[in-house]
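Results of the structural survey
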Amino acid sequence: SKVSEAHKMFFLLSSLVLSRLFYNAEIMVASYQVLKKMDFAYMRVLRRIVNDPRFGRTEWTDREIRERVGAASIDSLLLCKRLAYLGRVGSSSDFVSRHALIALLATEHKGQRMPWAIQCEDALRAAYQVSPLARRSLSPPQEKPGRWWEVIRHDKVLWAKIVGECKFVESSLDTTAS
């Protein structure tokens, strides 16, 4: 069967652009400025797919473009990357890696939690809000974090399904987009 031009472009987005854009993104602290730069590059490609470049006059918002293409928001993609990373390291059979992650998440500096650890906790809370399976299977992570780590450590199938449900088109940048 013939593959449409849009499907080819989306494949190129996935294989070329996203691999570069998200390289090690799961371990960075994504500030608003960083998120905006990543979203700019991502949305530029999505707009090209639907032949609606931003530099001209456009009637489509970024969210509408994502909906037309069937693409998740940059927020969603980062959330999934971070959750997948927690699952990969948290379920590792390597004792040192797994415990280093747990130690890192609990580390404080001058009485303050580390920004990356806060983002990881936020990711777990977001997964609970977005994933129906997480809400059916688990309590909120702030109530029973140990249960979440049990799932991450011992139930890779359930964890993968929860991460898979964390796809959405809404972005925190949609309200601030010009």
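These notes cover the structure that comes with them.

Using the criterion set out here, one finds 10 salt bridges in the structure. Across the pair Arg-88 and Glu-26 runs a salt bridge whose closest N-O atoms are separated by 3.8 Å. With Arg-88 in helix α4 (residues 74-90) and Glu-26 in the loop between α1 (5-21) and α2 (32-49), this pair connects stretches of sequence that are 62 residues apart. When its relative accessible area of 7% is taken as the criterion, Glu-26 is described as buried. Each of the salt bridges in this network shares a partner with another, and the network as a whole consists of Glu-26, Lys-81 and Arg-88.

What follows is about the nonpolar core. If you look at the biggest cluster of nonpolar residues, it comprises 26 residues, and the most contacted ones within it are Leu-83, Leu-124, Trp-148, Trp-159 and Ile-162. Listed by contribution, the elements that provide at least two residues to this core are α4, α5 (95-106), α6 (115-130), α7 (132-137), α8 (145-154) and α9 (156-164). Per element, the largest residue contribution to this core is seven residues, and it comes from α6. The next biggest cluster of nonpolar side chains, apart from the first, holds 19 residues, and it includes Leu-18, Val-50, Ile-65 and Ala-71.

Time to look at unusual backbone geometry. Generally, phi is negative for residues other than glycine and the peptide bonds are trans, each holding for most cases. One non-glycine residue with positive phi stands out, namely Asn-51, at about 60 degrees. For Asn-51, the position within the fold is in the loop between α2 and α3 (62-69). Within the chain, Lys-110 stands out as a residue other than glycine whose phi angle is a positive 55 degrees. Structurally, Lys-110 is set in the loop between β1 (108-109) and β2 (112-113). For Lys-110, a relative accessible area of 75% puts it in the exposed group.

Our next topic: the packing of aromatic side chains. For the structure shown, the criterion picks out three aromatic pairs. Relative to Trp-116, the ring of Tyr-85 has its centre 6.1 Å away and its plane inclined at 80 degrees; by these criteria the two rings are edge-to-face. You can see Tyr-85 sitting in helix α4 and its partner Trp-116 sitting in helix α6, a full 31 residues away along the chain.

Conventions and cut-offs
Residues numbered from 1 in each chain as written. Predicted model: local features only at pLDDT ≥ 70, side-chain atom pairs only at ≥ 80, totals over all residues. Heavy atoms only, no water. Salt bridge = Lys/Arg side-chain N within 4 Å of Asp/Glu carboxyl O. Helix = DSSP H or I, 4+ residues; strand = E, 2+ residues; numbered from the N terminus. Buried < 20%, exposed > 50% of the residue type's maximum accessible area, 1.4 Å probe, protein only. Core = buried A, V, L, I, M, F, W, Y, C linked by side-chain atoms within 4.5 Å. Phe/Tyr/Trp six-rings, centres within 6.5 Å; stacked < 30°, edge-to-face > 60°.

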